[in-house]
Structures are given as C-alpha cells and as structure tokens.
Amino acid sequence: MMTKSNSARLNIILSVCCVVLVLVIVAMAMAMDRANEGDVSGGSVGDNVNFDTPQKIKLPELTVGAIEERGDVVVVTTSYCTLKYPFAFVDLMKIEPIVQDVGAGLDFSLEVEGRKSKVFTLLFGSKEGALVGRIKLDGQAEAIDVTVVFYEVDAELNPSLHTTFYAVQETFNDIVNSLCENTNFIVEK
C-alpha cells in the first residue's frame, strides 16, 4: 500500500526526472544549433533537407547553353548538367537561370497567351525546397544539394490552361530522370 510519504517521494522523483528530461532536450537543441552555425539556410522545409551538406561554398555561374531538339526530347545543356524533357513542351516551357544569395537555379515556366507562370524551380546549393539529390560540380570539392520548389497555378491563368500547367509540372519527372543520367548526380534516397 502506498502511503502519503511514499506518494510525495514518488512525485518528487517524477518532477526531478521531468526537469532532467527538459534539460537534456534543451542541451541537444543547443548542440544541434552549434553544429549548424556555419550553414546558410535559404528556407524552412523541415524533413526535406539534408543539413549535412556544406552550403557556404562559392558556386560557379550557372548558364544555359544549347537547347536542342533530338527526336522526341529537348536536350538542355547547362554549365552544371544536361537535362531533358519531352519535345511536346518545347513551345510551352521556358527555362531561365537564376542566382540566389545561396546557390543558383533554373526556373521552369509555362509561357502561353503572353503570360509566364512559374511551374517549378530546380535549385543547386540551396536548402530551399524538397531534396532531389546531390551533384558534384567540376572544380568543387564537395557535392551540393539539388532541390526543387513547385508552384501553384497562377490565379490569373486562364482556367482552360490549368491542365497544361500541370502537364508541364509533370515534366519534372523527366528532368529528374535526365539528371540521373549525369554521372556526377547522386539520387537522394
């Protein structure tokens, strides 16, 4: 049978255990913050990000070179890698390099009726977006993260073009498949 004094002792022990647990959690959080102090984060995306990648490296300029039609695909040669997507989208999809504070990227946009709507952005060396994999660039000691950010349909886009927007967004799968053909790309598992 539990007496009042035993019950009081048990409550004290439980209280002390709770305080110790809170202190351990705080110490772990502080240790994680110290471990990540050198990182520069372009966004907050939670579990989609690999925080082990050093991101404070100077990246070479990302340029888009030749865009060639080869049979049923369009081949886009960039200074980082070669990408492919279906020829059916050659007149609808526009690709533009972007520069960010951390990393570089390629904007993929749907261009119809004189309007441009961002569909997705493929980012190199950024922590923004969902992690796709890693790529080792020429002249770089470390591989960098490759992430993607998807966009919602522009509210001003003609509703009859929403299906086209999503079809262009599906070309991301082709882009990833072509990334995997680059020997310097590592798929994130």
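Heads up: these notes are all about the structure in this document. It should be emphasised that the depicted structure is a prediction, and the values quoted were computed from it without experimental measurement. (Residues numbered from 1 in each chain as written. Predicted model: local features only at pLDDT ≥ 70, side-chain atom pairs only at ≥ 80, totals over all residues. Heavy atoms only, no water.)

1. Considerations on the environment of Ile175
The line we're drawing: Secondary structure elements follow DSSP: runs of H or I of four or more residues count as helices, runs of E of two or more count as strands, with numbering from the N terminus. When checking whether two residues touch, look at their non-hydrogen atoms; a contact exists if any pair is within 4.5 Å.
Inspection of the secondary structure puts Ile175 in helix H2 (residues 162–180). Ignoring anything within four residues of it in the chain, the contact list for Ile175 reads Leu83, Lys84, Tyr85, Phe108, Phe120 and Leu122.

2. Regarding the packing of aromatic side chains
How two aromatic rings sit relative to each other is given by the distance of their centres and the angle of their planes. What counts is decided by this rule: What counts as a ring pair is set by centres within 6.5 Å for rings of Phe, Tyr and Trp (its six-membered ring), and what kind of pair is set by the plane angle: stacked under 30 degrees, edge-to-face over 60, tilted for all other angles. The buried label goes to any residue with under 20% of its type's maximum accessible area, the exposed label to any with over 50%, and the partly exposed label to all in between, with areas taken from a 1.4 Å probe on protein chains only.
Scanning all chains against the criterion turns up 6 aromatic pairs. Between the aromatic rings of Phe120 and Phe172, the centroid separation amounts to 5.5 Å while the plane-to-plane angle is 75°, which identifies the pairing as edge-to-face. Taken as a pair, Phe120 in strand E6 (residues 115–124) and Phe172 in helix H2 lie far apart in primary sequence, 52 residues in all. Comparing Phe120 with Phe172 shows no difference in burial state: the two are buried. Both rings, one in Phe150 and one in Phe172, keep their centres 5.1 Å apart while their planes meet at 85°; by these two values the pair is edge-to-face. Of this pair, Phe150 sits in strand E8 (residues 144–150) while Phe172 sits in helix H2, and the two are 22 residues apart along the sequence. The buried category is assigned to Phe172, whose relative accessible area is 10%. Chaining the aromatic ring pairs together yields one cluster made of Phe108, Phe120, Phe150 and Phe172.

3. Topic: the nonpolar core
To be explicit about the condition: By nonpolar core we mean a set of buried residues, namely Ala, Val, Leu, Ile, Met, Phe, Trp, Tyr and Cys, connected to one another through side-chain atoms within 4.5 Å.
Core analysis: the largest hydrophobic core is formed by 37 residues, its most contacted members being Leu83, Phe108, Leu122 and Phe124. Put simply, the parts of the chain that give this core at least two residues each are strand E2 (73–78), strand E3 (82–86), strand E4 (93–99), strand E5 (104–112), E6, strand E7 (130–135), E8 and H2. Element by element, the count of residues in this core is highest for H2, at 6 residues. Setting aside residues no more than four positions away along its own chain, Phe108 makes contact with Leu83, Met93, Lys94, Ile95, Lys118, Val119, Phe120, Leu122 and Ile175.

4. Describing the environment of Ala104
Position of Ala104 among the secondary structure elements: in strand E5. Residue class for Ala104 comes out buried when judged on its relative accessible area of 6%. For the pair Ala104 and Phe124, spaced 20 residues apart in the sequence, the C-alpha separation amounts to 5.3 Å. Excluding residues that lie within four positions of it along the chain, Ala104 makes contacts with Leu59, Leu62, Tyr80, Ile98, Leu122, Leu123 and Phe124.

5. Re the sheet that holds strand E1 (residues 64–70)
Test applied: When DSSP finds two or more bridges between two strands, those strands count as paired. The angle between two axes is taken between their N-to-C directions and runs from 0 to 180 degrees, where each axis is a line fitted to C-alpha atoms and a helix contributes only its stretch in contact.
Overall, antiparallel pairing links the 3 strands, which are arranged E1-E2-E3 in an open sheet. Looking at the sheet topology across the chains shown, the edges are occupied by E1 and E3. Strand-to-strand twist in this sheet, taken as the mean axis angle between neighbours without regard to direction, amounts to 20°. Pairing analysis gives 5 bridges linking E1 to E2, with the strands arranged antiparallel. Each residue of the ladder has a partner; that of Val64, found in E2, is Thr78.

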